[in-house]
Amino acid sequence: MRLRVRDTEIYFDALLHLDAYQYDNNLRRADGLALTPAQVTANTLTNNGQVRRGEMIFRGRMANGGEWQVGYDFVGSRGTGRNGRWLDVNYRGRINSDWTWRVGQFKQPNSLEELTSTRNNEFISKAMITNAFGVARRVGAEVQYATPSLTATGTWFTREINVNQRVGAGWGARATWAPIQDASAGEYLHFGLSAVQIDALGNRYSLSSRPQADITSVNTVTASLTDADDTTIYGLEGMYANGPLKIMGEYMTSTTRRNGTAPDFQSDGWYVSGLYTLSDDKFGYRGGIYTTAVPTDPVKGLWQLAARYDKLDANDGAVLGGQQESWTLGVNWYIRSNFRLSMNYVMLDSSRVQSGVRIENNPNILELRGQISI
């Protein structure tokens, strides 16, 4: 939706996600003994369906080249409904054709999947490393250099606007290179490197990941430290698209420096995914980010088949946060340009030590999503 007020074009976007899950719980103790009632309760996946997102976003484009946006999710963090949360709230100014600056709350530059709009993510749940290591939105300042084939971004940031969410000051950097760009053929080759460093507020650090099912309350991987100094996360990303096919992968590694004599805590993970579009609709690319085309045939819509393998390891020395890997198979149907139906089937293998006992949690999950966007 677009409205022009004097020298400013104002846009309104909205995004609604309705999710429903069906779990095939598969729990066991590695020592072969029977699970206690407390262990069953702590590891059984629940919450079969609810509204996952309810976003409203206002954007403005000014005659001087400046852009602003204000976004709010009325559903709240991970569909909890806890008072909602602010999304992007920022202003971007232009220095010249290649250089821009931005202040406010925005996504930090350390994950291709995280930086891509949620409406374009081809899986219902983002990859494990995106959820575990993606810094997402923080309040800060940014300077960016961007040409059609190169981008370089540097940021300084502090906490989120939202109360009781992510905290800790830090910096971020990301550089991308696209040596192949052919919009007519829909062919793009993308490489990227990123790094962020975050101070540990109150010496606390935590890492967690859900089992590719965002609205469940169970974390199948979780690690916590109370003697952390800071955390540095490095990322490597690549993407190739050619006509109906897109292949993408990322690797991330995290190192948390600890106070005293305790050794650093390290964790890492990676994923690779493939997506095939059953039509002539092509992917787009701009500024180090890919986009999905809207259906050229509004009656047939746009069909996509997707597959992903990903892995996360948070075991390091005496810190046993757990590890997990999964296969995800998916299908997306974009109906006209405003509606999408998605179905994912997730096969997860995970294990984590809890109170001295290794629990193996290997569910199969059927996930459905309805997306309405404006």
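The residue count restarts for each chain, going from 1 along the sequence in the order it is written. Restriction of local features to residues with pLDDT of at least 70 applies here, the model being predicted, together with a cutoff of 80 or more for giving and counting side-chain atom pairs; totals for whole chains, interfaces and linings are based on all residues. To obtain the side-chain values, all non-hydrogen atoms of the structure were used and water was disregarded.

Student: What's the story with the overall build of the protein in this structure? I'm lost.
Tutor: Here a strand is any run of E in DSSP of at least two residues, a helix any run of H or I of at least four, and the numbering for each starts at the N terminus. Summing up its helical and strand segments, the protein has three helices and 23 strands in all. The globule rule used for comparison is 2.2 Å times the number of residues to the exponent 0.38, while the radius of gyration itself is calculated over C-alpha atoms. On C-alpha atoms alone, the protein measures out to a radius of gyration of 21 Å, which is about the 21 Å that the 2.2 N^0.38 rule sets for 374 residues. Based on the C-alpha atoms only, the size of the protein along its principal axes is roughly 70 × 50 × 40 Å. All tallies of charge rest on Lys and Arg as positive and Asp and Glu as negative; His and the ends of each chain are not included. Charged side chains are reduced to one point each, which is NZ for Lys, CZ for Arg, CG for Asp and CD for Glu. Side chains of the protein give 38 positive and 37 negative charges; the mean places of these two sets differ by 5 Å.

Student: Just checking my understanding: could you explain the environment of Ile215 for this structure?
Tutor: Turning to its location among the elements, Ile215 is positioned in the loop between strand E12 (205–209) and strand E13 (221–225). Partly exposed describes any residue whose relative accessible area lies between the buried limit of under 20% and the exposed limit of over 50%, with all areas from a 1.4 Å probe on protein chains only and scaled to the type maximum. Note on Ile215: relative accessible area 7%, which makes it buried. Residues Ile215 and Asn120, 95 residues apart in the sequence, show an inter-C-alpha distance of 19 Å.

Student: How should I be thinking about the packing of aromatic side chains in this particular structure?
Tutor: Within a pair of aromatic rings, the relevant descriptors are the distance that separates the centres and the angle that separates the planes. For Phe, Tyr and Trp, where Trp contributes only its six-membered ring, two rings pair if their centres lie within 6.5 Å, and the inter-plane angle classes them as stacked under 30 degrees, edge-to-face over 60, or tilted in between. Tallied over the entire structure, the rule returns 12 aromatic pairs. Taking 4.8 Å as the distance between ring centres and 75 degrees as the angle between the ring planes, the aromatic pair formed by Tyr72 and Trp86 counts as edge-to-face. Taken as a pair, Tyr72 in strand E5 (residues 67–73) and Trp86 in strand E6 (residues 85–94) lie far apart in primary sequence, 14 residues in all. Cluster of aromatic residues (ring-pair linked, three or more members): Tyr72, Phe74 and Trp86.

Student: Help me understand the environment of Ile374 in this model?
Tutor: Among the structural elements, Ile374 can be located in the segment after strand E23 (364–373). Considered as a pair, Ile374 and Thr292 are 82 residues apart in the sequence and their alpha carbons are 15 Å apart. When residues no more than four places from it in sequence are discounted, the contact partners of Ile374 are Phe12, Asp13, Ala14, Arg119 and Asn338. In this analysis, two residues are considered to be in contact whenever any of their non-hydrogen atoms come within 4.5 Å of each other.

Student: Can you help me understand the nonpolar core in this one?
Tutor: Soluble globular proteins tend to pack their nonpolar side chains together in the buried interior. In terms of nonpolar packing, the biggest core is built from 46 residues, with Tyr21, Phe133, Leu207, Met239, Phe265, Leu312 and Ile365 touching the most fellow members. In contact with Leu207, other than residues within four places in its own chain, are Ala132, Phe133, Val221, Thr222, Ala223, Ser267 and Ala314. The nonpolar core is taken to be a set of buried Ala, Val, Leu, Ile, Met, Phe, Trp, Tyr and Cys residues, with the residues joined through side-chain atoms within 4.5 Å.

Student: Help me out: how do you make sense of a nonpolar patch on the surface in this one?
Tutor: A grouping of Leu193, Leu236, Leu245, Ile247, Tyr251, Trp270, Val272, Tyr276, Leu278, Trp303 and Leu305 is seen on the molecular surface, where their side chains present a nonpolar patch of about 990 Å² in accessible area. Within the residue set of the nonpolar patch, elements represented by two or more residues are strand E15 (245–258), strand E16 (265–277) and strand E19 (302–316). Structurally, Tyr251 is set in strand E15. Overall, Tyr251 belongs to the partly exposed group, its relative accessible area being 33%. Patch membership requires more than 30% relative accessible area and the absence of a salt bridge. Residues of like charge join within 9 Å; the nonpolar side chains Val, Leu, Ile, Met, Phe, Trp and Tyr join within 5 Å. Note on areas: Shrake-Rupley, 1.4 Å probe, and residue coverage restricted to the protein chains presented here. Within this document, salt bridges are pairs made up of a side-chain nitrogen of Lys or Arg and a carboxyl oxygen of Asp or Glu, the two lying within 4 Å of each other.

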